[in-house]
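For reference, the chains in residue letters:
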Amino acid sequence: MNITTRVIVRAGGHCELCGANDALGVYAIPNSGDRSIEDASVAVCSTCADVLGHDNQAQNESYWRCLQHGMWSPHPPVQVLVLRLMNQFKSQSWVQDALESMFIEDETRLWADADGAGDDLEPTLDCHGVALNAGDCVVITKDLAVKGTSFVAKRGTAVRNISLTNNPTQIEGRVNGTRIVLLTQYVKKSL
């Protein structure tokens, strides 16, 4: 079984955030330290994946009320993602109530708190040394076999709305409908 299949099986075939069971994929949680991709991924439906892909997720506060389902997950990556998303809306009474009733281990809470890339991190640069920012569009410069899947990310494929990670040599983006990690040495910024 590949990573995507294992994460979806762990999730019981349902989105671990909202409970939907259609169009499932895997979302790799940014800033997850040295955890494996499988141990830092969450099964998400296409709707949750689309909302997660927006730079300003706070615009979607009404959608994220579904987190009241995901907050009861026993799986640390789900707890981390739910906590990070809820922290964007801490001033809302429904979030305050949910956070008070949510149980999370100290180690998992530390992981959730490590969500921001600090200003002291080195910049993420493409293969030509051009700085990359969250939301940029890049083009893949070499055919890349994608670990845990059965497809190859082809040279020339545009990857829109990228996300940065805490590792300046990696970015995240969606290729063939699957969110993957790409090495920056194999992408160039699209102008």
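So, how was this worked out
Residues numbered from 1 in each chain as written. Predicted model: local features only at pLDDT ≥ 70, side-chain atom pairs only at ≥ 80, totals over all residues. Heavy atoms only, no water. Pairing = 2+ DSSP bridges. Helix = DSSP H or I, 4+ residues; strand = E, 2+ residues; numbered from the N terminus. Core = buried A, V, L, I, M, F, W, Y, C linked by side-chain atoms within 4.5 Å. Buried < 20%, exposed > 50% of the residue type's maximum accessible area, 1.4 Å probe, protein only. Contact = heavy atoms within 4.5 Å. Arc of directions from axis to C-beta. Polar contact = N/O pair within 3.5 Å; in protein donor to acceptor, adjacent residues only side chain to side chain. Salt bridge = Lys/Arg side-chain N within 4 Å of Asp/Glu carboxyl O.

A. Fine view of the sheet that holds strand β6 (residues 158-159). One open sheet holds the three strands; their spatial order is β6-β3-β10, and the pairing between them is antiparallel. The sheet is open, and its two edges are formed by β6 and β10 (187-189), each paired on a single side. Direction of pairing for strand β3 (residues 138-140) relative to β10: antiparallel, over a ladder of three bridges. Residue pairing across strands places Val 138 opposite Lys 189, the latter belonging to β10.

B. Geometry of the nonpolar core. If you look at the biggest cluster of nonpolar residues, it comprises 31 residues, and the most contacted ones within it are Leu 17, Val 44, Leu 52, Trp 64, Leu 81, Val 82 and Met 86. For this core, the secondary structure elements donating two or more residues are β2 (41-44), α2 (46-52), α4 (76-87), α5 (93-101) and α6 (106-113). It is α4 that contributes the most residues to this core, seven residues altogether. Setting aside anything within four residues of it in sequence, one finds Val 44 in contact with Cys 15, Leu 17, Ala 23, Leu 24, Gly 25, Tyr 27, Ala 49 and Leu 52. Core analysis: the next-biggest nonpolar cluster, separate from the first, contains 14 residues, Val 138, Leu 144, Ala 153 and Ile 171 among them.

C. Summary view of the sheet that holds strand β8 (residues 170-175). Spatially, the three strands line up as an open sheet ordered β7-β8-β9, and their pairing is antiparallel. Sheet topology places β7 (163-164) and β9 (178-183) at the edges, where each strand pairs with a single neighbour.

D. Representation of helix α1 (residues 3-10) in the model. Of all the residues in α1, the buried ones are Ile 3, Val 7 and Ile 8. Down the axis of α1, the buried set is contained in an arc of 130°. They therefore lie on one face. Buried residues in α1 make contact with β1 (25-28) and β2. At the N-terminal boundary of α1, the capping side chain belongs to Asn 2, with an oxygen 3.1 Å from the backbone nitrogen of Thr 4. Of the residues flanking the end of α1, it is Gly 12, one or two places downstream, whose phi is positive at about 70°.

E. Local environment of the pattern of salt bridges. What the rule picks out here adds up to four salt bridges. Across the salt bridge formed by Asp 136 and Lys 189, the nearest N and O atoms sit 3.4 Å from each other. One end of the pair, Asp 136, is in the loop between α6 and β3; the other, Lys 189, is in strand β10, and 53 residues separate them in sequence. Given the relative accessible area of 15%, Asp 136 is considered buried. In this structure Lys 189 comes out as partly exposed when scored by relative accessible area, which is 25%.

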